[in-house]
Amino acid sequence: QVQLVESGGGLVQPGGSLRLSCVVSGITRDYLAIGWFRQAPGKEREGVSCISKSDGSTHYADSVKGRFTISRDNAKNTVYLQIDSLKPEDTAVYYCATDRYYGCYDPPSEYEYDYWGRGTQVTVST
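Computed from a predicted model, the values in this text were never measured in an experiment. (Residues numbered from 1 in each chain as written. Predicted model: local features only at pLDDT ≥ 70, side-chain atom pairs only at ≥ 80, totals over all residues. Heavy atoms only, no water.)

Colleague: So what exactly am I meant to see when it comes to the pattern of salt bridges here?
Modeller: For side chains bearing opposite charge, pairing can occur when the charged atoms are close. As enumerated under the stated definition, the model contains 6 salt bridges in all. With a closest N to O distance of 4.0 Å, Asp106 and Lys65 form a salt bridge. Residue Asp106 is located in the loop between β9 (92-99) and β10 (115-116), and its partner Lys65 is located in the loop between β6 (58-60) and β7 (68-73); the two are separated by 41 residues in the primary sequence. Judged by its relative accessible area of 45%, Lys65 falls in the partly exposed class. Between Arg100 and Asp114 there is a salt bridge; the shortest N-O distance is 3.5 Å. Here Asp114 lies in the loop between β9 and β10 and Arg100 lies in the loop between β9 and β10, a separation of 14 residues in the sequence. Arg100 sits in the partly exposed class, given a relative accessible area of 22%. By relative accessible area, Asp114 is classed as partly exposed at 30%. (Salt bridge = Lys/Arg side-chain N within 4 Å of Asp/Glu carboxyl O. Helix = DSSP H or I, 4+ residues; strand = E, 2+ residues; numbered from the N terminus. Buried < 20%, exposed > 50% of the residue type's maximum accessible area, 1.4 Å probe, protein only.)

See below:
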């Protein structure tokens, strides 16, 4: 079974930065993309970003363009989400997930993703 573990969340002031990590482990199989999603209390889960395995192409939600950067380290089976210029509205639980069948599109859709981590909390507050 594929497992994904997110880390790097925490409490940060507005304007600060965080780097989230997603480590894929267990019995891994081919996948087309890894996506980052987030869910704030009382709101729907939304796609934030994704990165393709084949060519490294990336997509971002409009709300995070210019502030979030997704990257990967294939040797470590890890995908990162660098978050800069954090805003209070970025507060959410952030999840990573694998897409084995569809690919990375703008915006990433949660319905296309198969395996999910348990999330890491990002809180932006003074």
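From this point, things continue past the structure.
Colleague: Please clarify how the state of the cysteines should be interpreted in this entry.
Modeller: In protein structure, a disulfide is the covalent linkage between the sulfur atoms of two cysteines. Counted according to the given criterion, the structure contains 2 disulfides. The partner cysteine of Cys22 in its disulfide is Cys96, sulfur to sulfur 2.0 Å. Disulfide Cys22-Cys96: the torsion about the S-S bond is 75 degrees, which places it as right-handed. Here Cys22, found in strand β3 (residues 18-26), pairs with Cys96, found in strand β9; they are 74 residues apart in sequence, far enough to count as distant. Cys96 carries the same exposure label as Cys22, and that label is buried. Across the chain, the disulfide pattern expressed with sequentially numbered bonded cysteines is 1-3, 2-4. (Disulfide = S-S within 2.5 Å.)

Colleague: I'm lost on the environment of Gly26 in this one. Help?
Modeller: Following the sequence through the fold, Gly26 ends up in strand β3. Residue classification places Gly26 among the exposed residues on the basis of a relative accessible area of 53%.

Colleague: What should I look at first to understand the packing of aromatic side chains in this one?
Modeller: Applying the stated criterion across every chain yields a total of 5 aromatic pairs. Between Phe37 and Trp116, the ring centres sit 4.8 Å apart and the planes meet at 45 degrees, which makes this aromatic pair tilted. Separated by 79 residues along the polypeptide, Phe37 in strand β4 (residues 33-39) and Trp116 in strand β10 bring together distant segments of the chain. Taking the centre distance of 6.5 Å and the plane angle of 45 degrees together, the rings of Phe68 and Tyr94 count as tilted. Pair noted here: Phe68 is in strand β7 and Tyr94 is in strand β9, with a separation of 26 residues, a long-range link. Each member of the pair, Phe68 as well as Tyr94, is classed as buried. Here the aromatic cluster, defined as three or more aromatic residues joined through ring pairs, consists of Phe37, Tyr95, Tyr113 and Trp116. The ring of Trp116 carries Arg45 above its face, with NZ or CZ at 4.6 Å from the centroid. In this structure, Lys53 is placed above the aromatic ring of Tyr31, and the distance from its NZ or CZ to the ring centre is 4.7 Å. (Phe/Tyr/Trp six-rings, centres within 6.5 Å; stacked < 30°, edge-to-face > 60°. Lys NZ or Arg CZ within 6 Å of the ring centre and 35° of its normal.)

Interpretation note: all reported values are geometric properties and have no functional meaning in isolation.
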